[in-house]
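# Summary of the model geometry
Given next are the chains, with one letter for each unit.
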Amino acid sequence: MFSLLLLVLLPLMPLQAQVMIPAPPQLAATAWILIDAHSGKVIVEHNADQRLPPASLTKMMTSYLLEYEIKRGNVQLDDMVRVSERAWRMPGSRMFIQEGTFVSIEDLLKGVVIQSGNDASVAVAEHLAGSEAAFADLMNQHARAMGLRNTQFRNSTGLPDDGHYTSARDMAILSRVKIMDYPEHYALYSQREFTFNNITQSNRNRLLWRDSSVDGLKTGHTTEAGYCLAASAVRNDMRLISVVMGARSEEGRAQESQKLLTYGFRYFETPRLYEQFQVLNTPRVWKGVRDTVQVGLTEDLYATIPRGQQQNLRAEIQLNPVIKAPLRAGEQLGELKIRLGDETVASQPLVALENLAEAGFFKRLWHGLMLFVTGLFR
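Report follows, based on the coordinates. (Residues numbered from 1 in each chain as written. Predicted model: local features only at pLDDT ≥ 70, side-chain atom pairs only at ≥ 80, totals over all residues. Heavy atoms only, no water.)

Before going further, it helps to examine the overall build of the chain. Helix and strand counts for the chain stand at 10 helices and 18 strands. Considering only C-alpha atoms, the chain reaches an extent of 80 × 50 × 35 Å along its principal axes. Each of the 378 residues in the chain was classed as buried or not, and the buried ones make up 51%. Looking at the chain as shown, the accessible area adds up to about 17500 Å², and 49% of this sits on carbon and sulfur atoms. (Helix = DSSP H or I, 4+ residues; strand = E, 2+ residues; numbered from the N terminus. Buried < 20%, exposed > 50% of the residue type's maximum accessible area, 1.4 Å probe, protein only. Areas by Shrake-Rupley, 256 points an atom, 1.4 Å probe, with all protein chains shown as cover.)

So, about the nonpolar core. Grouped together as the largest cluster of nonpolar side chains are 58 residues, with contacts concentrated most on M61, Y64, M95, I97, L108 and V243. Once you skip the residues sitting within four places of it in the chain, Y64 turns out to touch H142, M146, L174, V177, K178 and Y182. Grouped together as the second largest cluster of nonpolar side chains are 22 residues, V214, A231, M238 and A254 included. (Core = buried A, V, L, I, M, F, W, Y, C linked by side-chain atoms within 4.5 Å. Contact = heavy atoms within 4.5 Å.)

This next bit is on a nonpolar patch on the surface. On the surface, F361, F362, L365, W366 and L369 cluster together to form a nonpolar patch covering roughly 620 Å² of accessible area. With respect to the secondary-structure elements, F361 resides in helix α10 (residues 361-374). By relative accessible area, which is 52% here, F361 ends up exposed. (Patch = residues over 30% accessible without salt bridge, like charges linked within 9 Å, V, L, I, M, F, W, Y side chains within 5 Å. Salt bridge = Lys/Arg side-chain N within 4 Å of Asp/Glu carboxyl O.)

Here we take up the pattern of salt bridges. Throughout the structure, instances matching the rule amount to 20 salt bridges. Residue R314 pairs with E316 through a salt bridge whose shortest N-O separation is 3.4 Å. Judged by relative accessible area, E316 falls into the buried class, the value being 5%. E316 is paired through a salt bridge with R339; the nearest N and O atoms lie 3.0 Å apart. In this pair, E316 sits in strand β16 (residues 313-319) while R339 sits in strand β17 (residues 332-340), placing the two residues 23 residues apart along the sequence. In this structure, E316 and R339 share a single accessibility class: buried. One salt-bridge network, held together by shared partners, links R206, R210, E250, E251 and R253.

What follows covers the sheet that holds strand β2 (residues 31-36). The strand order across the open sheet built from five strands is β3-β2-β10-β9-β8, with neighbouring strands paired in antiparallel fashion. Of all strands in the sheet, those bounded by a partner on one side alone are β3 (42-46) and β8 (214-222). Strand after strand, the sheet turns through a mean of 5° between neighbouring axes, direction not considered. Note: β2 against β3, four bridges, orientation antiparallel. Note on β3: the bridge partner recorded for L34 is V44. Set on the sheet, helix α9 (residues 250-267) makes contact with β2, β3, β8, β9 (226-235) and β10 (238-247); between it and β10 the angle comes to about 145°. (Pairing = 2+ DSSP bridges. Axes fitted to C-alpha atoms, helices over the stretch in contact; angles between N-to-C directions.)

So, about the packing of helix α4 (residues 118-129) against helix α5 (residues 132-146). At a minimum axis separation of 8 Å, α4 and α5 run at an interaxial angle of 80°. Judged by the inter-axis angle, α4 sits roughly perpendicular to α5. Side by side, α4 and α5 meet where V122, A125, E126, L128 and A129 of the first sit next to E132, A134 and F135 of the second. Residue classes in the contact of α4 with α5 are distributed as six nonpolar, no polar and two charged. (Parallel < 35°, antiparallel > 145°, perpendicular 65-115°, else oblique. Nonpolar A, V, L, I, M, F, W, Y, C, P; charged D, E, K, R; others polar.)

Let us now look at the environment of Y186. When you line up the elements, Y186 lands in helix α7 (residues 183-186). Distance from Y186 to V81, taken between C-alpha atoms, is 22 Å for residues 105 residues apart in sequence. Those residues within four positions of Y186 in sequence are excluded, and the remaining contacts are I179, D215, G216, L217, S232 and R239. A polar atom in the side chain of Y186 sits 2.8 Å from the side chain of D215. (Polar contact = N/O pair within 3.5 Å; in protein donor to acceptor, adjacent residues only side chain to side chain.)

So, about the side chain of T166. By the element assignment, T166 lies in the loop between α5 and α6 (168-181). Reaching out from T166, the side chain makes a polar contact with the side chain of T151 at a distance of 2.7 Å.

A pair of packed helices can be characterised by two numbers: the angle between their axes and the separation between those axes. Taken N-terminus to C-terminus, the directions of helix α1 (residues 59-71) and α5 make an angle of 85°; their axes are 10 Å apart at the nearest point. The angle between α1 and α5 places the two elements in the roughly perpendicular class. In contact with M61, T62, Y64, L65 and Y68 of α1, α5 contributes F135, L138, M139, H142, A143 and M146.

Next up on the list: the side chain of E256. You can see E256 is positioned in helix α9. A polar contact of 2.5 Å, which involves the side chain of E256, links it to the backbone nitrogen of A28. Here K259 takes part through its side chain, which lies 2.9 Å from a polar atom of the side chain of E256. The residues contacting E256, other than those within four sequence positions of it, are L27, A28 and V244.

Under the definition given, this model contains seven aromatic pairs. Ring geometry for Y64 versus Y68: centroids 6.1 Å apart, planes at 40°, classification tilted. With a gap of four residues between them, Y64 and Y68 both fall in helix α1, about one helical turn apart. An aromatic cluster is defined as three or more aromatic residues linked by ring pairs; in this entry it consists of Y64, Y68 and Y182. Sitting over the face of the ring of Y68, R72 holds its NZ or CZ atom 3.6 Å from the ring centroid. The ring of W286 carries the charged tip of R284 above its face, separated from the ring centre by 4.1 Å. (Phe/Tyr/Trp six-rings, centres within 6.5 Å; stacked < 30°, edge-to-face > 60°. Lys NZ or Arg CZ within 6 Å of the ring centre and 35° of its normal.)

Listed below in structure tokens is the structure:
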């Protein structure tokens, strides 16, 4: 149970006329989705949970696992990886590494991200897990941990394989994790070309040349998958992620992705409403060394809303009716909801922002009697 505080923590103005937003674009593709990176709000979707072959979008998970291991100190960018015959012989898009040579982790990461190298992907897989099959098992473990419900990997490259599939929603979730959790590596996804072994190859994401706000992420193509593109762009601190799967051509996937991004930026905005650890309330605490505790959020709170509607937002704080010490920082004590009219557009748990120790015996006894008398005892 919660006690509801109708606190207007955001300016509450007279409601404006309803904002007119056109229907989202219909694309020449099999499936697509558009989400906001900060709020996670889905703005547009179509067949977003349909299981489809991902082609080289697979390499977003391959590079994610490498970034994951780098961040944890298990591998270093300057570590040298010996290229196996299997990696060297991989068909399709290649980085052109040579069997028996040693290539740095940094160059392999660029080869996976920028050049979409199947040879680089297998070299990474074998280095991190011993074999590509073991690496695919690791990919699936991470997919489950992220909540990717319609994804199963059989290899590190995205080459056609029975039972190798994903969905537009899952690729958007993975894209968001990469952007938000590994910003130190994300700049690679906007790099237009990379030269290795005296061979220069261009990034296949055409939007990097057409739209200065686009800074990633990954293309994919096989006959089975069609043309795919996971793209991200940022304008005025609003970052959107689009995923288009099963487009008809390389040009088509770029144009259809651009339609989604343009629609999202034109008709929506994502303001940051509250900051991490901002004190939002100081509710009464029973049986504590102090009688109040500071409560707030563990992360910034964003809301994706129709453009021009921020002044019509209102905030509701719902707190537990009885809060008793001892309390630990991070302990949930309620919930903050942001409403636009009758719709809840964002919510987050409200937590204690500080530790609060239990009071002495006599204060605890007195507060217990007060709670009993007021009917709040439990």
